[in-house]
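Chain by chain, the residues:
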Amino acid sequence: MPVERTTEFRAEELYKYYKVYETIGSGGFAKVKLGRHILTGEKVAIKIINKKDLGDDLPRVKLEIEAMKNLSHQHICRLYQVIETSTQIFMVLEHCPGGDLFDYIIAKDRLSEEDTRVFFRQIVSAMAYVHSQGYAHRDLKPENILIDEDHNLKLIDFGLCAKPKGGLGYELMTCCGTPAYVAPELIQDRAYIGSEADVWSMGVLLFSLLCGDLPFDDDNCVVLYRKITRGKYDNPHWLSPGSVLLLNQMMQVDPKRRVTVRQLLDHPWVMKDHNSPVEWYSRQLLGHIDEDCITEMAVNMKRSRESTTALVREWRYDHTTATYLLLLSKKQRGKPVRLCPQP
Ligand SMILES: COc1cc(O)cc(Nc2ccc(C(=O)Nc3ccccc3)c(OCCC[NH3+])c2)c1
């Protein structure tokens, strides 16, 4: 397969550190393959982007990579390493074997209010953190939420994210990207606050979890946009009064009347049966240095602990960053903090 050989030749950096297996997802200008980090033995996902397919979307990929370097949270898929060649970009990402929330909802038809609440609290946690870091996701939908091996949610694909100063080009593209989840103010192409638009999308997401359907849908984009800007939708009979109220508070056409993510943290519906507000602080602080991981790396790299620490602290998102983060992930999951010595 000449293509594979060509790919292999130009990505020796990738194959030096990872075993690469089958494709597990593809769409747009990227595909995702299963991989394994050789030194730690940990599974990863490898997003492969062919620059020639990007066209003028290259800035979007660079923006996502920069955002991912600043986002470290228990409900956000982690970026471990970036490898760039003349023709491709490889993003080595956290392995989330539970697939995406879209497939999960389809398989379950719809979720109970209790099951929805567990997942929705994790989405609120991730979004409160993303907003606290000054970002808006802007493309929230079940396809962009994965399930990890512990049945926890992980937010992915920050390709449309941006600091709230916006960037009009993306809004127009977002409108064409995933209409059913787009807030009315984006459709009317007005200046908007990213965090407010995210809350609308979270409302659509909550509706799809509870109902297994979309609140606004139509094959015709123009009709769909009219429905969204009207903001009227039917509440299925099985929804509790509390669910109906929360959905209404999130899918307010006027963004200034919409509930905020901060208010969601201790909203009565969110607190029900949990009796505690959503914990949104990151449990994986950026820049945190774990001594056990440093020790194991220093031994393996035949370097002093000080120089190993200095190297990790550069956060280059090269193989050193990946090795450190994957070792830390092993430790957090109760696995031995060990590297497999290479022949
Ligand atoms: C920040 O995290 C990102 C950013 C981004 O742009 C894309 C992705 N995409 C990912 C990441 C991980 C997986 C994955 O681990 N999938 C998987 C693994 C084992 C079994 C089944 C699925 C991923 O999967 C894509 C297909 C899921 N429908 C995409 C993360």
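Please refer to the structure higher up on the page.
What counts and what doesn't
- Residues numbered from 1 in each chain as written.
- Predicted model: local features only at pLDDT ≥ 70, side-chain atom pairs only at ≥ 80, totals over all residues.
- Heavy atoms only, no water.
- Helix = DSSP H or I, 4+ residues; strand = E, 2+ residues; numbered from the N terminus.
- Rg over C-alpha atoms; globule rule 2.2 N^0.38 Å.
- Buried < 20%, exposed > 50% of the residue type's maximum accessible area, 1.4 Å probe, protein only.
- Near = heavy atom within 4 Å.
- Polar contact = N/O pair within 3.5 Å; in protein donor to acceptor, adjacent residues only side chain to side chain.
- Areas by Shrake-Rupley, 256 points an atom, 1.4 Å probe, with all protein chains shown as cover.
- Nonpolar A, V, L, I, M, F, W, Y, C, P; charged D, E, K, R; others polar.
- Contact = heavy atoms within 4.5 Å.
- Axes fitted to C-alpha atoms, helices over the stretch in contact; angles between N-to-C directions.
- Parallel < 35°, antiparallel > 145°, perpendicular 65-115°, else oblique.
- Left-handed = near helix turned anticlockwise from the far one by under 90°.
- Salt bridge = Lys/Arg side-chain N within 4 Å of Asp/Glu carboxyl O.
- Pairing = 2+ DSSP bridges.
- Arc of directions from axis to C-beta.

Caption draft 1: Representation of the overall build of the protein chain in the model. Scanning the protein chain from terminus to terminus reveals 16 helices and seven strands. The C-alpha atoms of the protein chain give 21 Å as radius of gyration, which agrees with the globular expectation for 343 residues (20 Å, within 12%). With the C-alpha coordinates aligned to their principal axes, the bounding extent of the protein chain is approximately 65 × 50 × 40 Å. The 343 residues of the protein chain split such that 52% are buried.

Caption draft 2: Representation of the site of the ligand. By nearness alone, 17 residues border the ligand, and Lys-47, Glu-64, Met-68, Cys-96 and Asp-100 come closest of all. Within the side chain of Glu-64, an N or O atom sits 2.7 Å from an oxygen atom of the ligand. A distance of 2.7 Å is found between an oxygen atom of the ligand and a backbone nitrogen or oxygen belonging to Cys-96. Protein chains bury 87% of the 640 Å² of accessible surface belonging to the ligand in isolation. The set of elements that each furnish at least two residues to the shell around the ligand consists of β2 (30–37), β3 (43–50), α4 (58–69) and β5 (88–94). Looking at the shell around the ligand, its residues break down into 11 nonpolar, one polar and five charged.

Caption draft 3: A look at the side chain of Glu-296. You can see Glu-296 is positioned in helix α14 (residues 291–301). The contact partners of Glu-296, leaving out residues within four places of it in the chain, are Leu-327, Val-337, Arg-338 and Leu-339.

Caption draft 4: Spotlight on the packing of α14 against helix α16 (residues 319–332). It is at 9 Å that the axes of α14 and α16 come closest, and there the two elements cross at 130°. Classified by the angle their axes make, α14 and α16 are oblique. In this structure, the crossing between α14 and α16 has a hand that is right-handed. Facing Asp-292, Cys-293, Ile-294, Glu-296 and Met-297 of α14, the residues of α16 in contact are Thr-320, Thr-323, Tyr-324, Leu-327, Leu-328 and Lys-331. When the residues that make up the contact of α14 with α16 are grouped by side-chain class, the tally is six nonpolar, two polar and three charged.

Caption draft 5: Quick peek at the pattern of salt bridges. Evaluation of the coordinates by the stated rule reveals 24 salt bridges. In this structure, Lys-16 engages Glu-13 in a salt bridge whose closest nitrogen and oxygen atoms are separated by 3.8 Å. Here Glu-13 and Lys-16 lie together in helix α2 (residues 12–17), a separation of three residues that amounts to about one turn. Accessibility expressed as a relative area gives 30% for Glu-13, which makes it partly exposed.

Caption draft 6: View of the side chain of Thr-40. Along the polypeptide, Thr-40 turns up in the loop between β2 and β3. Thr-40 sits in the buried class, given a relative accessible area of 3%. Here Thr-40 is in contact with Thr-323, Leu-326, Leu-327, Lys-330, Leu-339 and Cys-340, once residues within four sequence places are set aside.

Caption draft 7: Highlighting unusual backbone geometry. Positive phi is not limited to glycine here, since Asp-273 has a value of about 65°. Turning to its location among the elements, Asp-273 is positioned in the loop between α13 (268–271) and α14. For Asp-273, a relative accessible area of 53% gives the class exposed. In this structure, Tyr-317 takes a positive phi of about 55° despite not being glycine. The residue Tyr-317 is located in the loop between α15 (305–312) and α16 in this model.

Caption draft 8: Geometry of the sheet that holds β2. Overall, antiparallel pairing links the five strands, which are arranged β1-β2-β3-β5-β4 in an open sheet. At either margin of the open sheet sits one strand with a lone partner, and together these are β1 (18–27) and β4 (79–84). When strand polarity is set aside, the average angle formed by the axes of neighbouring strands in this sheet is 25°. Against the sheet, α16 makes contact with β1, β2, β3 and β4, and its axis sits at roughly 160° relative to β4, the strand it touches most.

Caption draft 9: Representation of the pairing of β2 in the model. Relative to β2, β1 is paired through seven bridges, and the arrangement is antiparallel. Bridge pairing links Thr-23 to Lys-33 in β2. Hairpin geometry of β1 and β2 is characterised by an intervening segment of two residues between the two adjacent antiparallel strands and by a positive phi of about 55° at Gly-28. Summarising the sheet, β2 and β3 pair through seven bridges and their orientation is antiparallel. The residue bridging Ala-30 from the neighbouring strand is Ile-49, located in β3.

Caption draft 10: Molecular detail of α15. Buried within α15 are the following residues: Thr-308, Thr-309, Leu-311 and Val-312. Take α15 and look down its axis: the buried residues cluster within an arc of 160°, on one side only. On its buried side, α15 packs onto α14 and α16.

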